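Architecture at a glance
Here is how the chains run, residue by residue.
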Amino acid sequence: MPVNEEARVGFYICHCGHNIANMVDVTAVAEYAAKLPNVVLSRDYKYMCSDPGQEMIAKDVEVFKLNRIVVASCSPLLHENTFRTATSKAGINQFYFQMVNIRENASWVHEDKEMATLKAKDLVRAAISRVVFHKALEKKKVPVNPDVLIVGGGISGISAALTIANAGKKVYLVEKEPTIGGYMAKFDKTFPTLDCAACILTPKMSAVLKHPGITLLSYSEVSAVDGYVGNYHVKVTRKPRYIIEEKCVGCFACIDACIFKEAKFSDEFNEGLSKRKPVYIPFPQATPQVVLIDDKTCIHFKTGKCPQTCAKACDRNAFDFDQKPVVQELEVGTILLCTGFQPFDAARAPYYGYGRYSNVYTSLEVERLVNASGPTGGHVVLRDKSKPKSIGIIHCVGSRDEKTNKWCSRVCCMYSLKLAHLLKEHTDAEIYNFYIDMRTPGKGYEEFYDKLLNEGVHFIRGRVAEVSDWAINDHEKGKLVIRVEDTLIGMVRRIPVDMVVLAVGIEPGKDAQDIRRMFNISCSNEGFFLERHPKLAPVETFTDGIYIAGACQGPRDIPDSVAQAGAAAAQALALIDSGFVELEPNTAFITEELCCGCQVCINMCPYHAITFDDGKGKSHINEALCKGCGTCVAACGSGAITQNLFEDQQILSEIYGLLVE
Amino acid sequence: MKYLYYPGCSLKSSGKHYEISLLAVLQKLGIEVEELENWNCCGATNYMSINENYALEITARNLGIAEKQGGDEVIVPCAACFMGFLKTQKYMESESGIRDRVNQILNHSGLSYNGKVQIRHPLDLLVNQLGADALTRTVEMPLKDLKVASYYGCQLIRPYATFDDQWNPHTMDDIARAMGATPVDWPLKSRCCSGSMTSTMTDIGLRMNYVILKEAKSRGADVIITACPLCQFNLECFQGKISRKLKDDVRIPVMYFTQLMGLAMGIPAKKLGLKQMLSPSLVLN
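Conventions and cut-offs
Residues numbered from 1 in each chain as written. Chains lettered and ligands numbered in written order. Predicted model: local features only at pLDDT ≥ 70, side-chain atom pairs only at ≥ 80, totals over all residues. Axes fitted to C-alpha atoms, helices over the stretch in contact; angles between N-to-C directions. Helix = DSSP H or I, 4+ residues; strand = E, 2+ residues; numbered from the N terminus. Left-handed = near helix turned anticlockwise from the far one by under 90°. Contact = placed C-beta atoms within 7 Å. Nonpolar A, V, L, I, M, F, W, Y, C, P; charged D, E, K, R; others polar. Core = buried A, V, L, I, M, F, W, Y, C linked by C-beta atoms within 7 Å. Buried ≥ 20, exposed ≤ 12 C-beta atoms within 10 Å, placed from the backbone. Domains from an automatic or database assignment. Pairing = 2+ DSSP bridges. Right-handed = clockwise from strand over helix to strand, strands pointing away.

Below, the discussion takes up the packing of helix α2 (residues 51–64) of chain A against helix α3 (residues 76–89) of chain A. All names here are of chain A. Running from N to C, α2 and α3 cross one another at 35 degrees; their axes reach a closest spacing of 9 Å. When the axes of α2 and α3 are compared, the crossing they make is right-handed. In this structure, α2 contributes Q54, I57 and A58 to the contact, and α3 contributes A86, T87 and K89. Residues that form the contact of α2 with α3 fall into these classes: 3 nonpolar, 2 polar and 1 charged.

Set out below in structure tokens:
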């Protein structure tokens with residue numbers, strides 16, 4: 001085993017309660033490590049990350065004159081920083097420390113204690129043989145750009161943008177739709193207070209537009225992200241509206257003048273329940289209040305033979321049919337992702353007949369139907385214009401279901417109660433809620449449920465089997481029949497209704513995977529963005545300087561989204577106000593005497609960190625851009641590139657330690 | 001493409017008219033089939049519930065013979081056989097333990113199944129491969145003004161088949177339409193006909209058949225077409241008894257989709273097994 005005479009290693013193994021000690025014989029590992037070369041001291045301890053654990057290291061350094069520390073415990077992701085700090089506090093350079101993960105890599109993944117212990121010993125031996133060749137390094141401090149990028153202009157993005165801008169920072173808010181507001185803008189009322197969604201949202205939307213600190217980039221998408229924490233370079237593609245945004249005042253004269261006298265294209269904002277023209281504005285309070293042209297339906301773009309009556313009607317010359325996508329480059333220090341969710345596609349639950357029976361609606365469609373500015377002016381009428389006398393609301397469509405999505409979408413019980421209340425108010429129909437369990441935890445939520453119970457709404461406990469138009473008696477004729485096992489009375493029931501509402505669940509957005517890749521963050525199994533720690537770092541990601549808030553991280557309602565947006569804003573502000581970030585020193589550098597100037601490394605670098613110095617005829621690595629991937633080190637034929645913390649001697653010695661007892 | 005044909009027990013006995021009409025239609029369409037040599041009963045659904053190991057083995061034997069006989073696809077018309085075949089294939093494909101054990105047994109008779117032969121239902125072949133247009137071209141007497149209720153039963157398209165929409169199947173509707181008839185939209189296309197309960201728990205079995213017949217009639221159907229010998233048997237043979245017992249006339253012709261096709265294609269009635277039906281008076285005039 002390689003020896004460095006000067007190295008005096010202190011080794012510590014953690015029980016992590018029972019997490020490690022149950023499957024790895026920690027005392028045996030400690031005894032084994034004590035006998036390895038360079039090891040001066042070896043101990044096991046219940047919780048190394050606790051204060052006494054850390055203080056023990058400091059005391060030992062003093063008493064035993066240690067100059068290298070190895071801790072075998074959990075993942076470096078969780079506690080490397082803790083132990084580096086402890087090492088540093090004990091008076092040793094923090095990079096004289098090496099961590100061994102014997103929890104995720106040994107105790108948690110094995111069932112044979114003897115073999116797990118053997119593996120732990122191997123890993124420990126590798127770390128000890130490596131650490132003796134570690135060198136003292138310093139972390140670099142880089143200033144943080146105080147500007148912030150927020151992606152997604154739903155309620156989460158809007159809240160975070162206002163908080164950060166109110167703290168005096170510059171915010172770029174990027175929204176892919178023509179307007180901000182997100183799904184909340186489509187809702188009629190909000191639970192449990194029943195205040196009007198528009199009344200509380202639109203002031204925030206216009207505050208975003210008016211705020212001098214916020215630059216709103218609507219109808220735009222992030223197309224590239226580069227850089228690192230504190231210094232991100234972002235490219236935003238602004239899609240063509242074919243309207244010059246600054247000139248349009250939202251008078252809508254062009255919409256009236258459109259060659260299509262009747263609106264005939266499906267209106268996305270009203271969930272297809274009404275029609276719009278090719279030149280349109282999503283809804284009256286859209287922000288910014290600027291019209292746009294849908295080039296897939298516009299006669300001009302389809303045939304080139306349109307008299308352009310819309311443009312002629314515009315007295316501000318705001319039309320520009322030649323607009324092309326424009327790429328805008330931004331420099332920001334931190335990024336907040338508030339990219340939201342998508343509702344479950346009800347057609348994926350064909351047994352409920354969505355798309356087959358015209359009187360089966362999704363909850364989002366019903367939000368528009370009960371809305372005063374919706375397609376029917378707030379009158380709840382079916383597609384044949386009749387008023388429903390009985391309505392069934394089916395919970396958990398695309399939630400808590402092995403066949404579709406396993407998770408609880410958290411909001412559906414409450415919004416179903418809200419819709420039940422609103423539908424009762426609008427139609428005085430008999431309302432049936434079909435639920436598996438009522439989940440109403442939240443301030444005022446259970447009380448709202450109680451209120452609904454007293455309003456005469458029916459609650460039937462059981463997952464609905466199917467919706468069909470199969471009538472077995474006159475009473476059912478012409479109705480939709482909901483078949484369900486009522487688990488409280490233990491019987492299969494058939495409930496005939498005029499209208500069925502499917503309470504669709506919350507899913508990761510359809511572009512979540514693209515966003516994840518672009519921003520280099522992780523997703524959990526179901527596709528929602530992964531937080532750094534589910535309890536202690538719920539808005540941070542594994543990429544420094546990138547935060548998440550709202551339903552892109554998991555199903556949540558408006559209060560929780562706003563709270564999380566505040567938390568993410570606070571994290572970004574904390575980083576900005578600290579002024580700088582410390583960068584890992586695991587970067588590569590070039591020994592100029594050895595560099596032959598072949599420039600092979602330059603093309604290999606994925607981060608464009610290497611440039612060529614023509615004067616010297618040598619390559620040069622910008623350490624601020626280097627991510628420490630090691631590609632150039634391996635590619636260099638002259639052996640001129642070295643990477644801190646991954647020097648040849650350190651790696652070879654680690655491999656030797658791993659393989660040779 | 002070499003098509004093998006596995007009739008199964010029903011198509012040689014109570015569902016003889018399914019076999020006769022199927023072969024006549026395939027011949028008319030120029031599709032040659034070769035019957036599997038020395039085939040055995042698939043065990044139907046009953047055997048699967050009693051001893052899954054044996055059930056998989058006897059079905060796999062048929063698949064092994066098909067592979068030995070050198071076919072690309074084996075056509076399995078009976079809904080119960082079809083499901084049993086698919087289940088066996090799926091288990092042998094995804095569970096290496098089952099595959100090895102079953103093949104070990106098959107080896108005793110010089111057979112093995114390695115997934116080379118694909119399992120095909122005639123509906124899949126006719127609609128998804130040949131296509132409705134090709135079928136229409138063979139029609140000599142379009143079935144104008146005929147309203148057809150397609151009935152699939154519970155096991156043809158669930159849980160393993162992928163050739164049709166599992167919740168709202170349409171391949172038989174496509175065929176009816178290609179023959180010039182009008183399919184009726186109804187929600188009981190894949191509701192259970194009670195299987196063998198018409199003999200074991202007669203009251204319940206008859207009741208289950210009653211709702212299917214009743215709904216098809218109330219939707220205005222002139223005829224029910226099906227692809228399952230047991231469904232056809234239940235719906236046709238008991239309808240007189242059901243009508244008497246429940247005092248509601250639910251009598252309606254129930255035929256195989258291949259018989260309907262044969263009529264439209266101008267194949268003589270006796271070559272379609274129409275004479276073998278129990279209620280010939282109800283057959284279309």
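There's plenty left to go through after this.
What follows covers the nonpolar core. Ranked by size, the top nonpolar core spans 111 residues in total, and within it A161, L336, L337, V500, V501 and L502 of chain A carry the most contacts. Take this core: its biggest share by element is 9 residues, from helix α12 (residues 412–427) of chain A. Both domain 2 (148–239 + 327–340 + 509–580) and domain 4 (344–507) of chain A contribute no fewer than three residues apiece to this core. Ranked by size, the runner-up nonpolar core spans 82 residues in total, among them A24, I75, V148 and C231 of chain B.

Here the focus is the environment of A167 of chain A. Assignment of secondary structure puts A167 of chain A in the loop between α6 (155–166) and β7 (171–174). Remark: the alpha-carbon pair of A167 of chain A and A570 of chain A, spanning 403 residues in sequence, is separated by 9.9 Å.

Residues and elements named next belong to chain A. Taken in spatial order, the 3 strands of this open sheet run β11-β12-β17, and their pairing is antiparallel. In this open sheet, the two edge strands, each paired with only one partner strand, are β11 (220–228) and β17 (326–332). Taken pair by pair, the neighbouring strands of this sheet meet at an average axis angle of 20 degrees, ignoring direction. Strand direction decides the pairing type here: β11 and strand β12 (residues 231–238), joined by 8 bridges, are antiparallel. Residue pairing across strands places V222 opposite V236, the latter belonging to β12.

Another point: the pairing of strand β3 (residues 68–73) of chain A. Residue and element names in this part refer to chain A. The buried count for β3 comes to 6 of 6 residues, which makes it a mostly enclosed element. Here β3 shows a buried face lined by R68, V70 and A72 and a second buried face lined by I69, V71 and S73. Sheet topology note: the strand β1 (residues 9–14)/β3 ladder contains 5 bridges and is parallel. In the sheet register, I13 faces β3, and the bridge partner there is A72. Pairing analysis gives 5 bridges linking β3 to strand β4 (residues 97–101), with the strands arranged parallel. Each bridged residue has a counterpart across the sheet, and for A72 the counterpart in β4 is V100. As for the winding sense of the linkage, the β-α-β connection from β3 through α3 to β4 is right-handed.

This part is about the domain arrangement of chain A. As assigned here, chain A comprises domain 1 (9–139), domain 2 (148–239 + 327–340 + 509–580), domain 3 (241–322), domain 4 (344–507) and domain 5 (588–643). Taken over C-alpha atoms, the centre of domain 4 of chain A sits 63 Å from the centre of domain 5 of chain A.

Here we come to the sheet that holds β1 of chain A. Residues and elements named next belong to chain A. Judged by pairing direction, the sheet is parallel, and its 4 strands sit side by side in the order β2-β1-β3-β4 without closing on themselves. One side of each edge strand has no neighbouring strand; the edge strands of this open sheet are β2 (39–45) and β4. If you compare each strand with its neighbour and ignore which way they point, the axes differ by 15 degrees on average.

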